Amino acid sequence: MKKSIISSALKVISGAMVIAFAAILPLFPLSCKLSDDDSTESESTSSENANKETENPVSNGKCSAIDEKTIRLEIAEGFSLVNGSISVSEKDSSEAITEIEDIVDAETENVKKIVLKSETEVGKTYVLSGSATDSDEKTYDFSYDFTGYNKNMARLILSEVRTEYKKTQSAAEFIEFYALKGGNLCGLEFACASKVTKASGEQIYKFPDIKVKTGDYITVHLRTLEDGSINEINGDCTESTAPDSHDSAWDLWIDGSEDKLVTQFDVILLRNSESYIYDALLMADSSKIEWKNTFYQDFANKASKSGIWVGGEYVKNAVDVSASNSYLRSVSRQDIQELSEKYSDGTKIPDIIQNEKSKWIVTASKTKKNPDIGATPGYKNSTTPIGN
């Protein structure tokens, strides 16, 4: 009898516990998923670690030609070149074009100078390949592109920038340059702070192999909006027929119609492949007191430290372009004629030509009645500021 009573009591208690557990189960929705999530996170972490382990640590090195026979090679710190592994070939060719004469130390342990037995050619793209070992004697292969040395590089300065476009008028943004000295453009490049990202780094425009004369304008149009947008790389500056092309200037075009390399508020650096800065332009909104992010600040700092941009890297020392938000206007340099006359007699052009906000204006808008006011890609800059 007692066993029967106890048995019944246990059944009642057991049933009550089941009901209570069922009642509180929804309060712990993660109790069953917790181990799954932990497993997923663990798998993800393991995958990331595996990717890091298989990632080539010397893939982000770089090289460039510093004279006709010498290549500057920079690899990750802590790595050593494998003897006899270095070779140089033309792009898309597996055959070595020249023998290596010597490999010498440069400014730091991870930088070497590769001396070739024969010269590279300007405009040609080459690949330097080799292997390097880390402190654990693991070997990694690498290959870096570079262009042949340009011993007759043109001397360009920034001349004009249009930061806005209008699709219905086929008017693209552009950056215009002026040649203080004729020569080849190969080895020159520019980058804009607005297009730097942590993930991808800089978006760099590299000038093609073009010979220009002293006094030439070179306009890089930052979108392709018309079929006549032809890159004038064949020695004929009349090939491009799209709007804003000019028959006495060199017109170059960025492929695509949706993206651009410059924004209204930006910092532009003109430099060579060794990152030596030849010119710079700081453009900002005067109502702001700081740059938009650290990429802008870094570019502005480089422009100032190079000695090119006078006044300092701060927003207050930038050209106020808050009124440049029209495709009919541009940010226009005003000392082009002065510089042209100064160096036209063969006077040696100094390494540093100073630039500052007082040398630039935001132009008035172009009109049919006054086509030389406003944006003037490929020809003499407007001297009429907005408000006049």
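Just so it is clear, the model here is predicted, and its values are computed rather than measured.

(A) The overall build of the chain, seen in detail. Helix and strand counts for the chain stand at 4 helices and 22 strands. In the chain, buried positions account for 41% of the 388 residues. Here the contacts in the chain between residues at least 6 apart in sequence split such that 65% fall between residues at least 24 apart. Split by element, the accessible area of the chain, about 21500 Å² in all, is 50% carbon and sulfur.

(B) Structural detail: the sheet that holds strand S7 (residues 111-116). A sheet is described by the order of its strands in space; here 4 strands give the open sequence S1-S2-S7-S6, paired in antiparallel fashion. With partners counted over all chains shown, the strands left at the sheet margins are strand S1 (62-65) and strand S6 (100-105), one partner each. The mean inter-strand angle of the sheet, taken between neighbouring strand axes irrespective of direction, is 20 degrees. The pairing of strand S2 (residues 70-74) with S7 spans 5 bridges and is antiparallel. Among the inter-strand pairings, Thr70 is bridged to a residue of S7, identified as Val115.

(C) Fine view of the side chain of Asp216. Relative to the helices and strands, Asp216 is located in the loop between strand S15 (211-212) and strand S16 (217-221). Of note is the side chain of Asp216, whose polar atom sits 3.0 Å from the side chain of Trp250. Setting aside chain neighbours within four positions, we find Asp216 in contact with Phe177, Tyr178, Ala179 and Trp250.

(D) Quick look at the packing of aromatic side chains. The final tally for this structure, using the stated rule, is 11 aromatic pairs. These aromatic residues form a ring-pair network of at least three members: Phe177, Phe190, Tyr205 and Phe207. A cation over an aromatic ring shows up here: Arg223 above the ring of Tyr165, its NZ or CZ 3.7 Å from the ring centre.

(E) Summary view of the nonpolar core. Among the nonpolar cores identified, the biggest contains 52 residues, and Leu156, Ile175, Phe190 and Phe207 are the most heavily contacted of them. Counting residues per element, this core draws most heavily on strand S19 (residues 277-284), which supplies 7 residues. In this structure Leu156 touches Phe177, Tyr178, Ala179, Leu185, Leu188, Phe207, Ile218, Leu270 and Tyr278, once residues within four positions along its chain are discounted. Counting 19 residues, the second largest nonpolar core, distinct from the first, contains Phe79, Leu116, Leu128 and Phe142.

(F) Up close: the pairing of S19. Burial within S19 is extensive, with 8 of its 8 residues counted as buried. Pairing of strand S18 (residues 266-272) with S19, which is carried by 6 bridges, proceeds in the antiparallel orientation. Counterpart to Asp266 in the pairing with S19 is Met283. Linkage of S18 to S19, two consecutive antiparallel strands, is achieved through a turn of 4 residues, within which Ser275 is found at a positive phi near 70 degrees. Examined bridge by bridge, S19 and strand S20 (residues 319-320) share 2 bridges and lie parallel to one another. Each residue of the ladder has a partner; that of Ala284, found in S20, is Asp320.

(G) Highlighting unusual backbone geometry. One non-glycine residue with positive phi stands out, namely Asp244, at about 80 degrees. By the secondary structure assignment, Asp244 is in the loop between S16 and strand S17 (250-253). The class for Asp244 is partly exposed, based on a relative accessible area of 23%. The residue Ser275 is not glycine, and still its phi comes out positive at about 70 degrees. Considering the arrangement of structural elements, one finds Ser275 in the loop between S18 and S19. Judged by relative accessible area, Ser275 falls into the partly exposed class, the value being 40%.

(H) Spatial organisation of the pairing of strand S8 (residues 125-133). Pairing between strand S3 (residues 80-81) and S8: 2 bridges, direction antiparallel. Across the sheet, Ser80 pairs through a bridge with Thr133, a residue of S8. With 9 bridges joining them, S8 and strand S9 (residues 139-147) adopt antiparallel strand pairing. Opposite Thr133, over in S9, you have Thr139 as the bridge partner. Here S8 folds back onto S9 in antiparallel fashion, the turn holding 5 residues, of which Glu137 has a positive phi close to 65 degrees.

(I) Just the environment of Arg162, in detail. Take Arg162: it is sitting in strand S10 (residues 155-162). It is 9.6 Å that separates the C-alpha atoms of Arg162 and Leu222, two residues lying 60 residues apart in sequence. One polar contact links the side chain of Arg162 to the main-chain carbonyl oxygen of Ala172, over a distance of 2.7 Å. For Arg162, the side chain forms a polar contact with the main-chain oxygen of Tyr327, separated by 3.0 Å.

Calculation notes
Residues numbered from 1 in each chain as written. Predicted model: local features only at pLDDT ≥ 70, side-chain atom pairs only at ≥ 80, totals over all residues. Heavy atoms only, no water. Helix = DSSP H or I, 4+ residues; strand = E, 2+ residues; numbered from the N terminus. Buried < 20%, exposed > 50% of the residue type's maximum accessible area, 1.4 Å probe, protein only. Contact = heavy atoms within 4.5 Å. Areas by Shrake-Rupley, 256 points an atom, 1.4 Å probe, with all protein chains shown as cover. Pairing = 2+ DSSP bridges. Axes fitted to C-alpha atoms, helices over the stretch in contact; angles between N-to-C directions. Polar contact = N/O pair within 3.5 Å; in protein donor to acceptor, adjacent residues only side chain to side chain. Phe/Tyr/Trp six-rings, centres within 6.5 Å; stacked < 30°, edge-to-face > 60°. Lys NZ or Arg CZ within 6 Å of the ring centre and 35° of its normal. Core = buried A, V, L, I, M, F, W, Y, C linked by side-chain atoms within 4.5 Å.

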